[in-house]
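Each chain, letter by letter, is given below.
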Amino acid sequence: WWDPENRTEKLKHYGTRYWDQKGKEVTENLRGDNSRVIMDRAIPFIQSSVKSDKPFFSVIWFHTPHLPVVAGPQYTALYKGESKYKQHYYGCITAMDEQVGRLRTELRAMGVAQNTLVAFCSDNGPEGQANSAPGVAGHLSGRKRSLLEGGIRVPGLIEWPGKVRPGNTDIPAVTSDYLPTILDLIGAEQTDKRPLDGISLVPLFKGKMKERGQPIGFQSAGQVALISDRYKIYGSGGRKKEQKLTLPKLKLFDLKKDPSEKNDLAVQHPDLIKKMTATLEQWRKSCRHSDTGGDYKD
């Protein structure tokens, strides 16, 4: 397994790099848990901004728990009864959790936690085969690379003590919502008229959003999906024809009652399938226009 190698003469570069905000490769302070290495860069930037009384925006991309997972001995020891794979997997997540806690502690220590929005989410569901990989999607169908809920439904957490009250929401959201939400928060307008897939979640923060209204579209490797506030259409096996993906046969799921996607309701609701398919095709047409540069011309 990927146990850390302490004999430097045996080390081989994996191919990854770290860069600073100016695009210069970073070569110092790279030993040890990478969540700590990454947070070591973010916190000084935040501290400097607070000291200068400047608003700040920081995006912190953790590697964990993307493969390869390598946890230090203090973290693997916490899971010594598990297999090597699980020791490293769980250890890396514990180390990341520690760094998220470190960030939140620092924000409180600097006196800016009340007015700082912290968002946390994953990019996709668990990697690997369900019968061997440590990551689990629970009762959800599918895993990474699937557009079933196990591949795309991930935890999304927002903390903003001065503005957002604790609680849960069943309104679907997506990372495409970050941009319009941030523009809304800082009172900025979009600089061009290109279409955005996301919406502002500020009304949700204020308790004024009862439903999303705008559906969320996905397409990947012959799969398509469209998610509304309640229903989802999904299909797999589409084929490319003249740069255009033909739609596969679509299934319909009621995500409110059936988030595990066990019951296909397509036969019972043909009109809903027809309506959502038309919306999906309109979205895919917009994607093709963007893919060919149509939304990025001066």
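Just so you know, the residues in each chain are numbered from 1, in the order the chain's sequence is written. Side-chain atom pairs in this predicted model are given and counted only at pLDDT of 80 or more, local residue features only at pLDDT of at least 70, and totals for whole chains, interfaces and linings cover all residues. For side-chain calculations, the full set of non-hydrogen atoms in the structure is used, while hydrogens and water are omitted.

### Thoughts on the environment of L78
Right, so step 1: Tracing the chain through its elements places L78 in the loop between α2 (73–76) and α3 (84–109).
Right, so step 2: The class for L78 is exposed, based on a relative accessible area of 55%.
Right, so step 3: As for L78 and G91, which are separated by 13 residues in sequence, their C-alpha atoms are 7.3 Å apart. What counts as a helix is a DSSP run of H or I of at least four residues, what counts as a strand is a run of E of at least two, and both are numbered from the N terminus. Exposure is judged per residue with a 1.4 Å probe applied to protein chains only, and the accessible area is read against the type maximum: over 50% gives exposed, under 20% gives buried, and values in between give partly exposed.

### Quick notes on the pattern of salt bridges
Pairs may arise between side chains of opposite charge once their charged atoms sit close together.
Right, so step 1: For salt bridges, the criterion is a side-chain nitrogen of Lys or Arg within 4 Å of an Asp or Glu carboxyl oxygen. Counting across every chain of the model gives 14 salt bridges.
Right, so step 2: Between E149 and K232 there is a salt bridge, and its shortest N-O distance comes to 2.7 Å. Here E149 is found in helix α4 (residues 149–152), whereas its partner K232 is found in strand β5 (residues 231–236), with 83 residues between them in sequence.
Right, so step 3: With relative accessibility at 3%, the residue E149 sits in the buried group.
Right, so step 4: A single network of salt bridges, built from pairs that share partners, joins E149, R153, K232 and E261.

### Here's the deal with the environment of S48
Right, so step 1: Residue placement: S48 occurs in helix α1 (residues 34–51).
Right, so step 2: With 140 residues separating them along the chain, S48 and A188 place their C-alpha atoms 24 Å apart.

### Digging into the side chain of D33
Right, so step 1: With respect to the element layout, D33 can be found in the segment before α1.
Right, so step 2: We note that D33 is buried and unpaired, the nearest opposite charge coming from R36 at a distance of 6.2 Å.
Right, so step 3: In protein, a polar contact means a hydrogen-donor-capable atom and an acceptor-capable atom, both N or O and within 3.5 Å, with residues adjacent in sequence counting only if both atoms are side-chain atoms; elsewhere, any N or O pair within 3.5 Å suffices. A distance of 3.0 Å separates a polar atom in the side chain of D33 from the backbone nitrogen of R36. Here the positive residues are Lys and Arg and the negative ones are Asp and Glu; neither His nor the chain ends is included.

### Focus on the sheet that holds β5
Within a sheet, adjacent strands bond to each other through the backbone by hydrogen bonds, running parallel or antiparallel.
Right, so step 1: Here, strands pair whenever DSSP counts at least two bridges between them. The four strands lie next to each other as β3-β4-β5-β8, forming an open sheet whose pairing is antiparallel. The open sheet terminates on both sides in strands that have one partner only, identified here as β3 (216–220) and β8 (251–254). When the angles between neighbouring strand axes are averaged without regard to direction, this sheet yields 15°.
Right, so step 2: Alignment of β3 against strand β4 (residues 223–227), held across five bridges, turns out to be antiparallel. Its bridge partner being in β4, I216 is matched across the sheet by I227.
Right, so step 3: Any two residues whose heavy atoms approach within 4.5 Å at even a single point are treated as in contact. To define axes, lines are fitted to C-alpha atoms, for helices over the stretch in contact only, and angles between the resulting N-to-C directions are given on a 0 to 180 degree scale. In the packing of helix α7 (residues 270–291) onto the sheet, the strands contacted are β3, β4, β5 and β8, and the crossing angle to β5 comes to about 65°.

### So, the packing of aromatic side chains
Right, so step 1: Stacked, tilted and edge-to-face are the three classes assigned to paired rings of Phe, Tyr and Trp, where Trp is represented by its six-membered ring and a pair needs centres within 6.5 Å; plane angles under 30 degrees give stacked, over 60 edge-to-face, the rest tilted. Under the definition given, this model contains four aromatic pairs.
Right, so step 2: Judged by centre distance (6.4 Å) and plane angle (80°), the ring pair of Y85 and Y89 falls under edge-to-face. One end of the pair, Y85, and the other, Y89, are both in helix α3, four residues apart, so they sit about a helical turn from each other.
Right, so step 3: The class for Y89 is buried, based on a relative accessible area of 11%.
Right, so step 4: A centroid spacing of 6.2 Å and a plane angle of 85° characterise the contact between W160 and F205, whose relative ring orientation is edge-to-face. Taken together, the residues span a long stretch of sequence, with W160 in the loop between β2 (156–159) and α5 (178–186) and F205 in helix α6 (residues 202–205) at a distance of 45 residues. The same class applies to W160 as to F205, namely buried.

### A look at the packing of α1 against α3
Right, so step 1: In the contact formed by α1 and α3, the axes pass within 10 Å of each other and the chain directions differ by 10°. Between α1 and α3, the angle falls in the class roughly parallel. Judged by residue contacts, S35, R36, M39, D40, I43, I46 and Q47 of α1 engage A95, M96, Q99, R102, L103, E106 and L107 from α3.
Right, so step 2: Note on residue classes: Ala, Val, Leu, Ile, Met, Phe, Trp, Tyr, Cys and Pro are nonpolar, Asp, Glu, Lys and Arg are charged, and everything else, Gly too, is polar. Its residues assigned to classes, the contact of α1 with α3 comprises seven nonpolar, three polar and four charged. Roughly parallel means an angle under 35 degrees; roughly antiparallel means over 145; roughly perpendicular covers 65 to 115; every other angle is labelled oblique.

### Side note on unusual backbone geometry
Excluding glycine, a negative phi dihedral is what most residues carry, and trans is how most peptide bonds are arranged.
Right, so step 1: T64 connects to P65 through a cis peptide bond whose omega is -5°.
Right, so step 2: Tracing the backbone shows P65 in the loop between α1 and α2.
Right, so step 3: Cis geometry marks the peptide bond from L67 to P68, where omega comes out at -5°.
Right, so step 4: Mapped onto the secondary structure, P68 falls in the loop between α1 and α2.
Right, so step 5: Even without a glycine there, the phi angle at D53 is positive, about 60°.

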